[in-house]
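Observations on the model geometry
These are the residues of each chain, in order.
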Amino acid sequence: MTTLLVDTPHGPARASLHCAHEPRAALLLGHGAGGGVEAPDLVAACRAANSVGVHVALIEQPYRVAGRRAPAPANQLDTAWLSVVEDLGERWFDGLPLVFGGRSSGARVACRTSVEGQAVAVLCLAFPVHPPGKPEKSRMAELDGVEVATLVVQGENDPFGQPVGAHHREVVLLKGDHSLKASVADVGRYVGEWMDRVLRPLD
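Report on the accompanying structure. (Residues numbered from 1 in each chain as written. Predicted model: local features only at pLDDT ≥ 70, side-chain atom pairs only at ≥ 80, totals over all residues. Heavy atoms only, no water.)

**A word on helix 3 (residues 74-91)**
Worth spelling out the cut-off: Working definition: helices are DSSP H or I runs of at least four residues, strands are E runs of at least two. Numbering for both runs from the N terminus. For a helix, the expected span equals 1.5 Å multiplied by the number of residues minus one. Partly exposed residues are those whose accessible area sits between 20% and 50% of the maximum for their type, while under 20% is buried and over 50% is exposed, using a 1.4 Å probe and protein chains only.
End to end, helix 3 covers 26 Å across 18 residues, agreeing with the expected 26 Å (1.5 Å per residue, within 8%). Where helix 3 is concerned, the buried positions are Leu-77, Asp-78, Ala-80, Trp-81, Leu-82, Ser-83, Val-84, Val-85, Leu-88 and Gly-89.

**Let's talk about empty space enclosed by the protein**
Any empty space left between atoms is shown by rolling a water-sized probe over those atoms. To be explicit about the condition: Using only the protein atoms, space was sampled on a 1 Å grid; points where a 1.4 Å probe fits but cannot get out form cavities, open sets with protein on both sides within 12 Å along at least five of seven lines form pockets, and lining residues are those with an atom within 4 Å of a point. Grid points are joined across faces, edges and corners, and a volume is the space filled by probe spheres set on the points.
Under the definition given, this model contains one cavity of 30 Å³ or more. In this structure, the largest cavity spans a volume of roughly 70 Å³. Surrounding the largest cavity, Gly-30, His-31, Gly-32, Ala-33, Gln-61, Tyr-63, Leu-77, Trp-81, Ser-105, Gly-106 and Val-109 form its lining. Of all the elements in the fold, those that place two or more residues in the lining of the largest cavity are helix 3 and helix 4 (105-113). Top contributing element to the lining of the largest cavity by residue count: helix 4, with three residues.

**Description of the sheet that holds strand 6 (residues 121-125)**
Definition in use: Only when DSSP finds a minimum of two bridges between them are two strands counted as paired. Every angle, taken between N-to-C directions, lies between 0 and 180 degrees, and every axis is a line fitted to C-alpha atoms, over only the stretch in contact when it is a helix. Between two residues, a contact is recorded if the distance between any of their heavy atoms is within 4.5 Å.
Strand order in this open sheet of eight strands is 1-2-4-3-5-6-7-8, and the pairing throughout is mixed. Among the strands making up the open sheet, the edge pair consists of strand 1 (2-6) and strand 8 (169-174). Strand-to-strand twist of the sheet, defined as the mean angle between neighbouring strand axes without regard to direction, takes the value 20°. Here strand 2 (residues 13-18) runs beside strand 4 (residues 54-60); their pairing, made up of five bridges, is antiparallel. Looking at strand 4, one finds that Leu-17 is bridged to Ala-57. Where helix 4 meets the sheet, its contacts fall on strand 3 (25-30), strand 5 (98-103) and strand 6, and the angle it forms with strand 5 comes to roughly 150°.

**A closer look at the environment of Ala-74**
Note on placement: Ala-74 falls in helix 3. Under the relative-accessibility criterion, Ala-74 is labelled partly exposed at 38%. Sequence separation of Ala-74 and Val-109 is 35 residues, and the distance between their C-alpha atoms is 7.6 Å.

Put into structure tokens, the structure is as follows:
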């Protein structure tokens, strides 16, 4: 593993690189609002991606690197994310297709930036469809704005709601809640199978 700091307009972000042999793509994964890149589902997704020949960069947003728990506003998260994408794309992942992903808040960032960042696919772990108990405050528009193949892995009992599938969007429901801790092995299995499948036409 290689860890490096990447300058962004909102302070340094941290990238932890987990490299695969003979890489066919790179996956950038973001964390949830109050959590870090050591979340079990992110670790499972990282290992699964490596196993099918995909480099992984676990990205810590500048507010986390600075030691703050409260997340930055959405526009700052997106700007910092795209800065990291550009930097890593040039320095480490040159010529490789980029897959964006993350859990919860990180999944929202991946969706919102997927078009501008030219992602070839998007992976969402525990996408927060709405705040708990507030289904009227839907964030489905962020998912619907993604134009490439998307996998959403969601807990059946997630208080943040359930997304619906679409023609290019697969939704997998697993046992458990927003943490996905109850089904970590299944997270890895589905992520690996999906990533291998969506990247095959690009190989």
